[in-house]
Amino acid sequence: MFSKEVTVQNQVGLHARPATFFIQKANEFKSSIWIEKEERRVNAKSLLGVLSLGIVGGTTIKIIADGSDEETAVDGLVKLIESGFQM
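Everything in this summary refers to the structure shown in the same document. (Residues numbered from 1 in each chain as written. Predicted model: local features only at pLDDT ≥ 70, side-chain atom pairs only at ≥ 80, totals over all residues. Heavy atoms only, no water.)

Topic: the packing of helix α1 (residues 16–26) against helix α3 (residues 70–82)
One can describe the packing of α1 onto α3 by two numbers: an axis separation of 10 Å at closest approach and a directional angle of 160°. Here α3 runs roughly antiparallel to α1, going by the angle between their axes. Considering only the axes of α1 and α3, their crossing is right-handed. For the pair α1 and α3, the contacting residues are F21, F22, K25 and A26 in the first and G76, L77, L80 and I81 in the second. Of the residues that constitute the contact of α1 with α3, the class distribution is six nonpolar, one polar and one charged. (Axes fitted to C-alpha atoms, helices over the stretch in contact; angles between N-to-C directions. Helix = DSSP H or I, 4+ residues; strand = E, 2+ residues; numbered from the N terminus. Parallel < 35°, antiparallel > 145°, perpendicular 65-115°, else oblique. Left-handed = near helix turned anticlockwise from the far one by under 90°. Contact = heavy atoms within 4.5 Å. Nonpolar A, V, L, I, M, F, W, Y, C, P; charged D, E, K, R; others polar.)

Following this line, the structure appears as structure tokens:
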């Protein structure tokens, strides 16, 4: 299991379009991936789950992956968030 914390920089956070980009990226990996905000953890490959966290700009989240490409998955998703969701 591998995880990293990252602060969502873009103004709207993980809503609609950015969440879709995030999920598309998460689905490129074989590992199981979760997003954790405070005490809640959801499947990072689920649009409903990601949106249910209500992540706004400035929120710090933890990305957790478990599987054969866990480090690559977490690093790729952190990079996507840090880029402001530029795909």
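Having seen the structure, we can now continue with the description.
Examining the pairing of strand β4 (residues 60–66)
Pairing between strand β1 (residues 2–7) and β4: six bridges, direction antiparallel. What sits directly across from T7, in β4, is T60. Sheet topology places strand β2 (residues 32–37) next to β4; five bridges connect them, and they run antiparallel. Within β4, the residue paired with S32 across the bridge is D66. (Pairing = 2+ DSSP bridges.)

Considering the pattern of salt bridges
Throughout the structure, instances matching the rule amount to three salt bridges. With a shortest N-O distance of 2.6 Å, D75 and K4 are connected by a salt bridge. One end of the pair, D75, is in helix α3; the other, K4, is in strand β1, with 71 residues separating them in the sequence. By relative accessible area, which is 29% here, D75 ends up partly exposed. Residue K25 is joined to E28 by a salt bridge in which the shortest nitrogen-to-oxygen separation is 3.5 Å. (Salt bridge = Lys/Arg side-chain N within 4 Å of Asp/Glu carboxyl O. Buried < 20%, exposed > 50% of the residue type's maximum accessible area, 1.4 Å probe, protein only.)

Concerning α1
Within α1, burial applies to P18, A19, F22, I23 and A26. Take α1 and look down its axis: the buried residues cluster within an arc of 135°, on one side only. When the buried face of α1 is taken as reference, the exposed residues oriented beyond 90 degrees from it are A16 and R17. Next to the buried residues of α1 lie β2, α2 (47–52), β4 and α3. (Arc of directions from axis to C-beta.)

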